[in-house]
Amino acid sequence: MRKILNVALPKGRLGEKVYDLFEKAGYGCPTIKEPGRRLVFENLEKGIRFFWVKPSDVGVYVERGAADVGVVGKDVLTEYGSDVYELLDLGIGKCSMAVAAKADFQDDRSKPLVVATKFERIAKRYYAEQDREIDIIRLNGSIELAPLLGLSDVIVDIVETGATLRENGLVVVERFADISARLIANKSSFKFKTNGVENLVDGLRKQIGTNKSDD
Amino acid sequence: MKDWSAVLSREERTAFSLRALYAENGYEKYRMSKLEEYDVYARNKEFLVSENVLTFTDLDGRLLAMKPDVTLSIIKNARLGAGEVMKVYYHENVYRAAKGTRSYQEIMQAGLECLGAVDEDALLEALTLAVKSLDCISESNVLELSHMGIVGGVLNACALSDGGKRAVLDALSRKDLSGIRSVAAQEGLEESKSALLERLATVYGGIDGVDEALDVFCVDGATTAAVADFRGILKGLKALGLSDKIRVDFSVAGNRKYYSGVAFQGYVEGIPTGVLSGGQYDGLMQAMGKNGKAVGFAVYLDELRR
């Protein structure tokens, strides 16, 4: 009997791009494009079932085995530290993790740096590597506001083109990690649905054209 | 005799089957107190899954810990003469920080340790018992084997910095090829070495399937010897009829300071995380001032509650 592969996709623009990639790789599920509020879609003929979840929850669904595979940004994956296999860089949703500040910002090493971010763990690790003492402020959105209002010295956030930063008078101080969407898999599912997962990885790899290292 | 099967939970039933299995194979029950001197863990922190240990002061002022691990206590108390083997099993609660929370958790573990003059037969017996332990939980299971001599040897052969080694091992545990590639690029490795590191993440399969692929890791004397050792163990497992349960997977991690030889992890279908973990930890024996070798594993019974 063929085993169904459960796929957690991140809701939103990235998820739609990812679904298109799955469709091109031969894992389409036509009902998914019908308007409505359904969250689960399946194509039993292709042995696949998709569900839409909040992007930051994809790692949890996969780690806990509710989904066999999922697609999630490297930023979210690093921040939550999910214990999963990271099988493929899908090369979409590309951006960087960066430090940004007001244009006139000067780092004063005589006192702790105040950092506002959504990515607490990433920011802590980044500054720990430099032995820089920081005071971290966790925010859930509109991070760019923090330096403008004097809430923080710098922010650590994802930056794509930098347009939002520029419009708010901020500049990138350093881009320190590349971010893109990753295909992740549950460790146990990988053992018991090996063929299904490997075929999916191969199919997707052909679509993104980075058939470089694997054989 | 009263039939208890209806009353026992899956966790308890499995625990009793495992105890019977280990006892039938000549392992003796090892019973220990809930508490251990904190010092034992402080000195061997890197062996522990989590560094957090639940401590308190005893009435006489000694700092004690609720056991986060059983292996260290067994090794500490082992009295081994030359040529002697100690085979013990345990069924104990341990106390660890629960992932993603800021609180401790009680975890029921069963497992075994074979210490001292561990020869190839004893190693194969331990691996066989690991597979049989998984059988006690579910027929559909796999035991994944890595070899620390091969993984460590390849890292050494690539002349990575300490930070680079850590980063590669971290990416390897996630089978993250792009992560391995980016570390290799940062460390300025030539293409062939980078490809070799990537092979660690991509070689996966049954005993016969990966046999040829192992050749690629014979890059110097140390790795050639490690590959030969691994092949010998795989051949032994095949002869025991365990081929369909064994997968070779170098992403199975063990602390390089303590583990030597094989490291393994067991999975059963339907449980999202590994339920069994173990390996050969001759390095830990040395670190604790004991002679001889060691192999052992633990079964995480709390995973069966779901």
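Residues numbered from 1 in each chain as written. Chains lettered and ligands numbered in written order. Predicted model: local features only at pLDDT ≥ 70, side-chain atom pairs only at ≥ 80, totals over all residues. Heavy atoms only, no water.

1. Notes on the sheet that holds strand β3 (residues 55–57) of chain B
Residues and elements named next belong to chain B.
Consideration 1: A sheet is described by the order of its strands in space; here three strands give the open sequence β2-β4-β3, paired in antiparallel fashion. This sheet does not close on itself; its edge strands, each paired only once, are β2 (35–37) and β3. Going across the sheet, the axis of each strand differs from the next one's by a mean of 40°, ignoring polarity. (Pairing = 2+ DSSP bridges. Helix = DSSP H or I, 4+ residues; strand = E, 2+ residues; numbered from the N terminus. Axes fitted to C-alpha atoms, helices over the stretch in contact; angles between N-to-C directions.)

2. Focus: the sheet that holds strand β1 (residues 5–10) of chain A
Residues and elements named next belong to chain A.
Consideration 1: In space, the six strands of this open sheet follow the order β2-β3-β1-β4-β11-β5, with mixed pairing throughout. Across the chains shown, the open sheet's two edge strands, defined by having one partner strand only, are β2 (40–43) and β5 (85–89). Looking at each pair of strands side by side, their axes are set apart by 25° on average, direction ignored.
Consideration 2: Here six bridges tie β1 to strand β3 (residues 48–53), and the two strands are oriented parallel to one another. Paired with Ala-8 across the two strands is Phe-51, which belongs to β3.
Consideration 3: Sitting on the sheet, helix α8 (residues 194–208) touches β1, β4 (69–73), β5 and β11 (181–185), and the angle it makes with β5 is about 25°. (Contact = heavy atoms within 4.5 Å.)

3. Some remarks on the pattern of salt bridges
Consideration 1: The full count for this structure, using the stated rule, is 30 salt bridges over all chains.
Consideration 2: With a shortest N-O distance of 2.9 Å, B:Asp39 and B:Arg43 are connected by a salt bridge. Here B:Asp39 and its partner B:Arg43 are both found in helix α2 (residues 38–43), four residues apart, which amounts to about one turn of the helix.
Consideration 3: The shortest N-O distance in the salt bridge between B:Arg62 and B:Asp60 comes to 3.2 Å.
Consideration 4: On the basis of relative accessibility, which here comes to 54%, the residue B:Asp60 falls in the exposed class.
Consideration 5: Within this structure, A:Lys74, A:Glu86, A:Asp89, A:Arg182, B:Asp170, B:Arg174 and B:Asp176 form a network of salt bridges that share partners. (Salt bridge = Lys/Arg side-chain N within 4 Å of Asp/Glu carboxyl O. Buried < 20%, exposed > 50% of the residue type's maximum accessible area, 1.4 Å probe, protein only.)

4. So, the environment of B:Leu127
Consideration 1: When you line up the elements, B:Leu127 lands in helix α4 (residues 120–137).
Consideration 2: Considering only alpha carbons, one finds B:Leu127 and B:Leu143, 16 residues apart in sequence, at a separation of 8.8 Å.

5. Observations regarding the side chain of B:Ser194
Consideration 1: Mapped onto the secondary structure, B:Ser194 falls in helix α8 (residues 191–202).
Consideration 2: Apart from residues lying up to four places away in sequence, B:Ser194 is in contact with B:Arg181, B:Ala184 and B:Leu189.

6. Focus on unusual backbone geometry
Consideration 1: Its identity is not glycine, yet A:Asp131 carries a phi of approximately 55°, on the positive side.
Consideration 2: Structurally, A:Asp131 is set in the loop between α4 (120–129) and β8 (134–138).

7. Side note on the confidence of the model for chain B
Consideration 1: When pLDDT is averaged across chain B, the result is 91; 98% of the residues are at 70 or more.
Consideration 2: Model confidence for the complex: the whole-complex pTM is 0.90, and ipTM, which rates the interface, is 0.89. (pLDDT = per-residue confidence, 0-100.)

8. Regarding the packing of helix α1 (residues 10–24) of chain B against α4(B)
Residues and elements named next belong to chain B.
Consideration 1: Closest axis-to-axis distance for the α1/α4 pair is 9 Å, and the angle between their directions is 150°. With respect to each other, α1 and α4 are oriented roughly antiparallel. When you trace α1 past α4, the crossing you get is right-handed. Side by side, α1 and α4 meet where Arg-10, Thr-14, Ser-17, Leu-18, Leu-21 and Tyr-22 of the first sit next to Leu-129, Lys-132, Ser-133, Cys-136 and Ile-137 of the second.
Consideration 2: By residue class, the composition of the contact of α1 with α4 is six nonpolar, three polar and two charged. (Parallel < 35°, antiparallel > 145°, perpendicular 65-115°, else oblique. Left-handed = near helix turned anticlockwise from the far one by under 90°. Nonpolar A, V, L, I, M, F, W, Y, C, P; charged D, E, K, R; others polar.)

9. Notes on the packing of helix α7 (residues 177–186) of chain B against α8(B)
In a packed pair of helices, the relevant descriptors are the angle between the two axes and the axis-to-axis distance.
Residue and element names in this part refer to chain B.
Consideration 1: Two numbers describe how α7 lies on α8: the axes approach to 9 Å, and their chain directions differ by 155°. Judged by the angle between their axes, α7 and α8 are roughly antiparallel. Regarding α7 and α8, the two cross each other, and that crossing is right-handed. The residues of α8 that touch α7, namely those facing Leu-177, Ile-180, Arg-181 and Ala-184, are Ser-194, Leu-197, Glu-198, Ala-201 and Thr-202.

10. Considering the interface of chain B and chain A
How large an interface is tends to be reported as the accessible area lost when its parts come together.
Consideration 1: Listed by partner, the interface residues are 25 residues for chain B and 27 residues for chain A.
Consideration 2: With both chains or domains summed, chain B and chain A bury close to 1,900 Å², and 47% of this area falls on carbon and sulfur atoms.
Consideration 3: Considering only the side of chain B, the residues that lose the most area to chain A are B:Arg174, B:Lys175 and B:Pro272, jointly responsible for 26% of the buried surface there.
Consideration 4: If you look at where chain B meets chain A, you find five salt bridges.
Consideration 5: For B:Asp249, the salt bridge is made with A:Lys191, and the minimal N-O distance between the two is 3.9 Å.
Consideration 6: Listing elements by their share of the side of chain B that touches chain A, those giving two or more residues are β7 (141–147), α7, α8 and β10 (262–268) of chain B.
Consideration 7: Here the residues of the side of chain B that touches chain A are counted per class, giving seven nonpolar, seven polar and 11 charged. (Buried area = accessible area lost by both parts, 1.4 Å probe.)

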